[in-house]
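The chain contents come next:
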Amino acid sequence: MNSNSLQQHVNDPTRRNNILELVMTTPDLSINGLEVTDKIGEHQMIDFTLEVQNPNTMTQHKQVLVYKQANFALMKEKLGNNNYKVLMNIKNAEECYMILKENIATATEYHLPRKRIRPTNNPPWFSKEIKNLISARKKSYRKLERYQTEPHCQDKYPRLQSC
């Protein structure tokens, strides 16, 4: 448990003199009011409160690489300047891999621009296409409310309503 940074919170026996029920968390989560209570069958019940932060309220910006603006010619030149044949004769495979990995990371750092993006509160399935369909539906509904007598507005909204 220690090697995975997990903490065990149940310290009292839950079945006879043994601790069979486990409540493990990472150090960033807090457990409050954990107590071993009434028996259910041969086991005792564990009652606790887990306090977690809503991930949608976190406003951490994320940095992403912008590949469209990358300078791949300079990156290729920087990576090509290393004499890998000499390295292969001097070092073992593990050391060569680490050197290559470090060279690629350095080249990426210098020649691939980064951009900060804001996190969205939308669920992962909420794509740009769905957002556009919802916007079109709202727009046609507003038109329908405004111009109820015009037939072209009355035809469009029912089609978009099913989206």
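Please read all numbers here as calculations on a predicted model, not as lab measurements.

### A look at the environment of His111
- Looking at where His111 falls in the secondary structure, it is placed in helix H3 (residues 93-111).
- With a relative accessible area of 17%, His111 lands in the buried category.
- In the structure, His111 is positioned 40 residues away from Asn71 in sequence and 5.4 Å away in space, judged by C-alpha atoms.
- Apart from residues no more than four positions distant in its own chain, His111 is found in contact with Ala70, Asn71, Leu74, Met75 and Lys78.

### Structural notes on the environment of Leu74
- Of note, Leu74 is situated in helix H1 (residues 72-80).
- Along the primary structure Leu74 and Ala107 are separated by 33 residues, whereas in three dimensions their C-alpha atoms are 8.5 Å apart.

### Observations concerning a positive patch on the surface
- A contiguous patch of positive charge on the surface is contributed by Lys138, Lys139, Arg142, Lys143 and Arg146.
- Looking at the secondary structure, you find Lys138 in helix H4 (residues 128-146).
- We classify Lys138 as partly exposed; its relative accessible area is 48%.

### Quick notes on the confidence of the model for the protein chain
- Across the protein chain, the average pLDDT comes to 78, with 83% of residues at 70 or higher.
- Here helix H5 (residues 151-161) stands out as the element of the protein chain with the lowest mean pLDDT, 57, in contrast to strand S6 (residues 114-117), whose mean of 89 is the highest.

### Some remarks on the pattern of salt bridges
- Per the stated rule, a full pass over the model turns up one salt bridge.
- As a salt-bridge pair, Glu109 and Arg114 come within 3.1 Å of each other at their nearest N and O atoms.

### Remarks on H3
- The terminal C-alpha atoms of H3 lie 27 Å apart, and with 19 residues this matches the ideal 27 Å at 1.5 Å per residue to within 8%.
- Those residues of H3 that are buried lie in contact with strand S5 (62-65), H1 and helix H2 (84-90).
- Capping of H3 at its N-terminal end is provided by Asn92; its side-chain oxygen lies 3.2 Å from the backbone amide nitrogen of Glu94.

### Regarding the pairing of strand S4 (residues 43-51)
- Summarising the sheet, strand S3 (residues 30-40) and S4 pair through seven bridges and their orientation is antiparallel. From the neighbouring strand, Ile31 faces S4, where its bridge partner is Leu50.
- Joining the antiparallel neighbours S3 and S4 is a turn of two residues, in which Gly41 adopts a positive phi near 70°.

What counts and what doesn't
Residues numbered from 1 in each chain as written. Predicted model: local features only at pLDDT ≥ 70, side-chain atom pairs only at ≥ 80, totals over all residues. Heavy atoms only, no water. Helix = DSSP H or I, 4+ residues; strand = E, 2+ residues; numbered from the N terminus. Buried < 20%, exposed > 50% of the residue type's maximum accessible area, 1.4 Å probe, protein only. Contact = heavy atoms within 4.5 Å. Patch = residues over 30% accessible without salt bridge, like charges linked within 9 Å, V, L, I, M, F, W, Y side chains within 5 Å. Areas by Shrake-Rupley, 256 points an atom, 1.4 Å probe, with all protein chains shown as cover. Salt bridge = Lys/Arg side-chain N within 4 Å of Asp/Glu carboxyl O. Lys, Arg positive; Asp, Glu negative; His and termini not counted. Charge placed at Lys NZ, Arg CZ, Asp CG, Glu CD. pLDDT = per-residue confidence, 0-100. Expected span 1.5 Å × (residues − 1). Polar contact = N/O pair within 3.5 Å; in protein donor to acceptor, adjacent residues only side chain to side chain. Pairing = 2+ DSSP bridges.

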